[in-house]
Amino acid sequence: MRFETTEWAVVPLGTPSAVDTAVTGAKAANLARAAVAGLPVLPGFVLVPAERAPDALTGDEALRGAWRTLAGGEGREPLVVRSSSLYEDTENSSMAGRFDSVLDVQGWDSFVSAVRTVLASARRVRPLRPAAQDVPADGMAVLVQPMLTSAVGGVMFGADPVEGRTDRILVSAVRGGPDQLVDGSTPGVRYQLTRLARPVGGDPAGRRGDRLLTRARRHQLVNLAKSTERVFGGPQDMEFGFDGEERLWLFQSRPITAMTPRPPRGARLFGAGPVAETLPGVLQPLEEDLWAVPMGHGLTVALDIAGAAPRRRLRRLPVVTTVGGRAVADLRLLGTVPPAHPFLERINTANGARRAAAAWRVGRLRSALPLLAVDLMADVDRALAGFPPAGDMLSGRLLDAVAWGRQALSALHAQESLAGALLGTGSGATAAGEALAELAEDRGRGLGNEELIALHPVLLALLPPTLSGRPSLPDAGNVTFLPRGVDSLPVREGLRLRIRWVQEMQVRMLAELASRLSAGQGEVSLARLALLRWDELVRAARGEGLPADLGERVPRPESGALPEVFRLADGVPVAEKPSGPSVPGQGQGAGGGFGVGTAWDGRGERPERPVLIVEHLDPALASLLPGLAGLVAQTGSPLSHLAVLAREHQVPTAVGVAEAIERFPAGTTLAVDGGTGAVTSHDLPGTPAAPAASRQETAA
């Protein structure tokens with residue numbers, strides 16, 4: 001790139017104009033501001049376009065003079081030449097590692113070449129966000145400082161961005177300078193410190209042997225973190241180095257751009273749990289009101305009858321809710337996780353009295369439940385058989401049928417839950433197994449999906465409910481056992497099957513209602529109808545019209561699966577860390593949340609939801625980050641440049657995953673937990689769960 005000294009001004013870090021971000025760029029301005037505040041910053045100067053600093057010295061003589069001041073009279077002292085763009089190190093985007101830095105620059109010719117290299121990177125770097133603009137060359141300044149040979153260097157965050165803790169300071173340290181850490185080539189030793197410099201977590205190696213950070217060094221770092229926080233008004237992302245005389249120097253300070261949200265104290269534990277068997281995919285608003293709300297009401301009734309939770313708590317907290325359109329349940333209310341305080345639970349006399357009263361009711365219910373369930377299933381079967389074809393029904397009757405379905409689903413879910421808890425599995429037969437047997441028996445008849453379902457309604461057990469188009473039936477080629485009939489199913493499976501039948505009836509009624517609404521109010525498909533809420537649908541069916549903004553609404557996207565157990569922080573799921581020992585081969589969490597996708601090595605065709613598997617966190621991979629479902633590295637630090645960028649793009653990231661490239665070849669379906677660092681095989685969202693159940697039955 002062209003570099004004429006007459007077009008550039010020299011701004012020393014110690015001058016007032018150096019603290020102006022619009023003049024020197026955020027990186028240099030932050031260091032100038034830190035130096036003014038008395039923090040340990042090396043001297044230096046900034047090259048800026050001359051029009052930005054009209055009062056500064058320009059020209060070849062000014063530049064050579066500033067260079068000699070740092071490099072010595074003969075220019076033999078090494079320098080570091082770094083970018084300081086207007087678009088990096090800001091509160092919204094770090095652009096970490098995206099522009100070039102040149103280390104160990106000696107001599108005038110090498111210095112000029114290094115400046116050109118840094119300026120050229122402004123044109124080479126492409127924006128990662130679609131809304132961003134290309135970085136113009138005149139947005140770049142060049143920061144020049146002495147090259148310090150560090151005994152120990154690293155990166156320090158004034159808060160823990162992975163766990164979202166402002167009461168912790170996270171440090172990653174290496175022998176030598178921090179450049180080998182931030183470029184991802186060296187993982188470093190990770191320390192988690194309190195604000196009193198006491199180590200409370202990090203790498204076992206750091207605690208046992210390789211003591212890079214002595215007690216004195218830890219105290220210096222914590223004091224620096226607190227000082228930068230006071231100067232800049234918030235926790236900072238810093239690069240540092242200790243010289244041979246144990247002096248600490250600040251090389252860089254910028255805002256922490258991607259803090260993992262932290263759940264409030266006492267936040268509820270959620271998970272898909274058993275609800276995923278019925279509602280495995282992303283629900284649209286009307287699907288949520290039709291199917292998740294009755295499920296929650298039914299489970300609440302069952303928990304109340306069983307005395308599993310205080311009635312006041314059940315009224316206050318919904319058992320089932322949705323997160324990103326996925327149905328999840330309160331795992332403590334369902335009893336699938338142990339209580340938070342088992343001892344207090346044991347000595348709670350009110351709890352004991354409640355359970356004693358419930359035990360009496362449950363004892364009577366266990367003997368009555370099979371008959372009650374048979375009666376309920378018979379009532380549902382009669383009601384479903386009594387509905388005429390949807391095309392022969394009045395619009396008001398269509399809506400009444402859908403409303404009846406919501407009430408029936410609530411009762412079915414309540415009895416299904418009680419049957420599972422009180423009656424066991426019975427013969428072990430499942431509706432899914434019966435459906436696969438029917439499918440296998442008819443596989444040679446050449447019938448289509450709809451014809452098969454009309455002939456054998458039990459096949460609906462293999463398909464999740466949806467208003468957005470029915471998926472294809474699975475392959476049943478490996479099933480050898482014979483169908484035994486729906487009447488042979490145990491009580492719980494019979495109730496589950498009726499739930500699916502009621503949902504299918506609602507879909508048929510709504511499809512007809514959508515066609516009638518289209519006649520008077522423009523084209524309204526069933527998938528478009530799914531974007532309404534239940535009360536909006538009721539008003540539209542009564543002739544009050546569809547919402548004015550219906551055409552602008554977009555379907556909820558098919559997001560990745562949620563963590564198995566999580567809490568919510570500002571509506572964002574944060575995976576719950578396991579209390580037991582870590583899984584062998586598990587890495588470190590580098591943040592970004594939780595994601596599921598297909599392993600990809602960065603070559604060949606990019607999968608729809610790629611999980612990028614790499615050896616180390618090379619900043620050159622930054623252009624691949626948008627749209628990743630996960631990022632897994634064999635080495636690297638949660639504080640490296642690429643890990644920072646991944647958190648900014650909410651890409652779940654795990655580092656230090658042993659033999660990741662060999663363990664997870666391209667095409668493997670993976671779940672990546674950016675909180676714990678766990679990388680596991682996982683079923684992709686939307687895969688029917690029913691065939692898995694039937695395979696167990698086949699093996700038996």
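Along each chain, residue indices are assigned from 1 in the same order as the chain's sequence is written. At least 70 in pLDDT is required for a residue's local features to be given in this predicted model, at least 80 for side-chain atom pairs to be given and counted, and no such filter applies to totals for whole chains, interfaces and linings, which use all residues. Side-chain numbers come from the whole structure's heavy atoms, not from hydrogens or water.

**Looking at the environment of His 456**
Okay, so step 1: Secondary structure is summarised from DSSP: a helix means a run of H or I of at least four residues, a strand means a run of E of at least two, and numbering begins at the N terminus for each. One can find His 456 in the loop between helix 14 (449–455) and helix 15 (491–521).
Okay, so step 2: Separated by 21 residues in sequence, His 456 and Ala 435 have C-alpha atoms that sit 7.9 Å apart.
Okay, so step 3: Discounting residues that sit within four places of it in the chain, His 456 has contacts with Glu 438 and Asp 442. Contacts were defined at the residue level, with two residues in contact if any of their heavy atoms lie within 4.5 Å.

**Topic: unusual backbone geometry**
Okay, so step 1: The residue Asp 104 is not glycine, and still its phi comes out positive at about 55°.
Okay, so step 2: Relative to the helices and strands, Asp 104 resides in strand 5 (residues 101–105).
Okay, so step 3: Phi is positive for Gln 650, which is not a glycine, with a value near 55°.
Okay, so step 4: Among the residues examined, Gln 650 registers a relative accessible area of 64% and is labelled exposed. Residue burial is assigned from relative accessible area. The probe radius is 1.4 Å, only protein chains are included, and a residue is buried under 20% of its type maximum, exposed over 50%, and partly exposed in between.

**Some thoughts on the nonpolar core**
Okay, so step 1: Of all hydrophobic cores here, the largest spans 79 residues; its most connected members are Leu 467, Met 509, Leu 510, Leu 529 and Leu 537.
Okay, so step 2: With 12 residues, the single largest contributor to this core is helix 15.
Okay, so step 3: With residues near it in sequence (within four places) discarded, Leu 510 still touches Leu 286, Leu 290, Val 402, Leu 467, Leu 526, Leu 529 and Leu 537.
Okay, so step 4: For our purposes a nonpolar core is just a set of buried Ala, Val, Leu, Ile, Met, Phe, Trp, Tyr and Cys residues, chained together by side-chain atoms within 4.5 Å. With 37 residues, the next largest nonpolar core counts Leu 13, Leu 39, Ala 53 and Val 189 among its residues.

**Things to note about the confidence of the model for the protein**
Okay, so step 1: With 85% of its residues at a pLDDT of 70 or more, the protein shows a mean pLDDT of 84.
Okay, so step 2: Here residues 205–209 is a poorly scored stretch, pLDDT under 50, and it has 6 contacts once near neighbours within four places are set aside; other chains count.
Okay, so step 3: One confidence number per residue, pLDDT, is output by the predictor and ranges from 0 to 100. Segment residues 684–700 is flagged for pLDDT under 50; beyond a separation of four residues in sequence, or across chains, it makes 29 contacts in the model.

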